[in-house]
Amino acid sequence: MILTILLIGLLGAGWFGYGEYNRKPKDLLKAKADLSVTPADLLKEFSTTEKEASTKYIDKIVSVRGQVKAIEKSEQGFLTVVLAETGNMSTIRCSMDGNHLQEITGIEPGRIVDVKGVCTGFNTDELLGSDVLLNRCVIQLQ
Amino acid sequence: MQKLFSIFVLTAIVFSLHAQDKFFTKSGNITFISKGSLETIEANHKAVTCVLDTKTGNLQFSVLMKGFEFEKALMQEHFNENYVESDKFPKAEFKGVVINNAEVNYSKEGTYPVIVKGKLTLHGETKDTETNGLVIIKGGKIQATSSFNILLSDYKIDIPKIVKDNITNSVKIDVNCKLEPLKS
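Thresholds, definitions, all that
- Residues numbered from 1 in each chain as written.
- Chains lettered and ligands numbered in written order.
- Predicted model: local features only at pLDDT ≥ 70, side-chain atom pairs only at ≥ 80, totals over all residues.
- Helix = DSSP H or I, 4+ residues; strand = E, 2+ residues; numbered from the N terminus.
- Buried ≥ 20, exposed ≤ 12 C-beta atoms within 10 Å, placed from the backbone.
- Contact = placed C-beta atoms within 7 Å.
- Pairing = 2+ DSSP bridges.
- Core = buried A, V, L, I, M, F, W, Y, C linked by C-beta atoms within 7 Å.

Observations concerning the overall build of chain B
Reasoning step 1: Within chain B one finds 2 helices and 9 strands.
Reasoning step 2: Put simply, chain B runs from its N terminus to its C terminus through helices and strands in the order α-β-β-β-β-α-β-β-β-β-β.
Reasoning step 3: Viewed in the frame of its principal axes, chain B has a C-alpha envelope of about 75 × 35 × 25 Å.
Reasoning step 4: Buried residues in chain B amount to 29% of all 184 residues.

Next up, the structure:
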């Protein structure tokens, strides 16, 4: 009896361990955002109180509604949607999830979009302007 | 008044020419690969910032560590929490120079082998590095590529004995960045 329970326990632990080992990063299309924020507020928080903003946003699923400034495609075919406010050098750079690129076809600069992604940080650069970075992003059109 | 205007125009031209010397990207690609005896761990970064000053050969990279994407979530978590401690050390940086910059003709399309020397800062540790790479000039853009190895122990990144066969101390880094002119 005890042996049976032990065996079931071990099998259960093994199954859990295997699942955990092979667990893939969350697909954000169905995930709920931890926080919703405007591009202006997100950039303001990181620019003025970077430490607090880092604790608040980094590693969290953040939803941002903003205007598309540009859509960049890298050599390898990776897409980045850049959200910006007019007059602001700083932007929100959204590195798109490679499994959900079909939703981006047809989007042009000027369009308002809802982007959901994991915040990976704030890249400050005197020469290039500072950006908040999100990755594994998915898009919902407005 | 005329003289002042001429000086202004001349200065503006000089500045605009100078700005054409700098090329950059914010969506550069860096992949690192660890080939252990049990498994190969690979992570990809799609948001590397790179600036190259074609006049001086000055080259800089900036990488937010949390931007590395792994196929397995547990690996990504261990990488950030235990190995590179990205909460403590959020950024990796390279500051260096193309030491044979004079041999690269940036206005002529072609592939130029380069030697890059500089300081790599990772996990709060800074080390001198020297690597070979390629600079490919095409269509007004510059593609910078390099492939080299680093030792995790050089940057005080400890690998527990228990995963010694999964993760190697020597990790391969592949850099591939397409740079565009920086317009001021």
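Next comes the rest of the description.
A closer look at the interface of chain A and chain B
Reasoning step 1: In this assembly, 25 residues from chain A lie in contact with 21 residues from chain B.
Reasoning step 2: Breaking the side of chain A that touches chain B down by element, the ones donating at least two residues are α1 (2-21), β4 (91-96), β5 (112-123) and β6 (131-141) of chain A.

Observations regarding the pairing of strand β3 (residues 79-83) of chain A
All names here are of chain A.
Reasoning step 1: For β3, the buried fraction is high: 4 of the 5 residues fall into the buried class.
Reasoning step 2: In this structure, strand β2 (residues 61-73) lies alongside β3, joined through 5 bridges in antiparallel fashion. Bridging across to β3, Ala70 finds its partner in Val82.
Reasoning step 3: As consecutive antiparallel partners, β2 and β3 are separated by 5 residues, and within that stretch Gly77 has a phi angle of approximately 90°, a positive value.
Reasoning step 4: Relative to β4, β3 runs antiparallel, the two being bridged by 4 bridges. If you follow Thr80 over to β4, its bridge partner there is Ser95.

Some remarks on unusual backbone geometry
It is generally the case that most residues other than glycine have a negative phi and that most peptide bonds are trans.
All names here are of chain B.
Reasoning step 1: You will see that Glu85, though not glycine, has its phi angle at about 45°, which is positive.
Reasoning step 2: Residue Lys156 is not a glycine yet carries a positive backbone phi of 55°.
Reasoning step 3: Relative to the helices and strands, Lys156 resides in the loop between β8 (141-151) and β9 (170-181).

A look at the environment of Lys46(B)
Reasoning step 1: Along the chain, the position of Lys46(B) falls in strand β2 (residues 40-53).
Reasoning step 2: Judged by the 23 C-beta atoms lying within 10 Å of it, Lys46(B) falls in the buried class.
Reasoning step 3: Counting along the chain gives 130 residues from Lys46(B) to Asn176(B), while the straight-line C-alpha distance between them is 9.8 Å.
Reasoning step 4: The residues contacting Lys46(B), other than those within four sequence positions of it, are Ser74(A), Phe78(A), Ser95(A), Ser27(B) and Asn29(B).

Focus on the nonpolar core
Reasoning step 1: Judged by nonpolar contacts, the single largest core of 63 residues is most densely connected at Val81(A), Leu134(A) and Cys50(B).
Reasoning step 2: In contact with Cys50(B), not counting residues within four places along its chain, are Phe24(B), Thr25(B), Gly28(B), Gln60(B), Phe61(B), Ala144(B), Cys177(B) and Leu179(B).

Comments concerning the pairing of β2(B)
Residues and elements named next belong to chain B.
Reasoning step 1: Note that strand β1 (residues 22-35) and β2 share 11 bridges and pair antiparallel. Opposite Phe32, over in β2, you have Ala43 as the bridge partner.
Reasoning step 2: Connecting β1 to the antiparallel partner β2 that follows it, the hairpin turn spans 4 residues.
Reasoning step 3: By the bridge criterion, 2 bridges tie β2 to strand β4 (residues 69-70) in an arrangement that is antiparallel.

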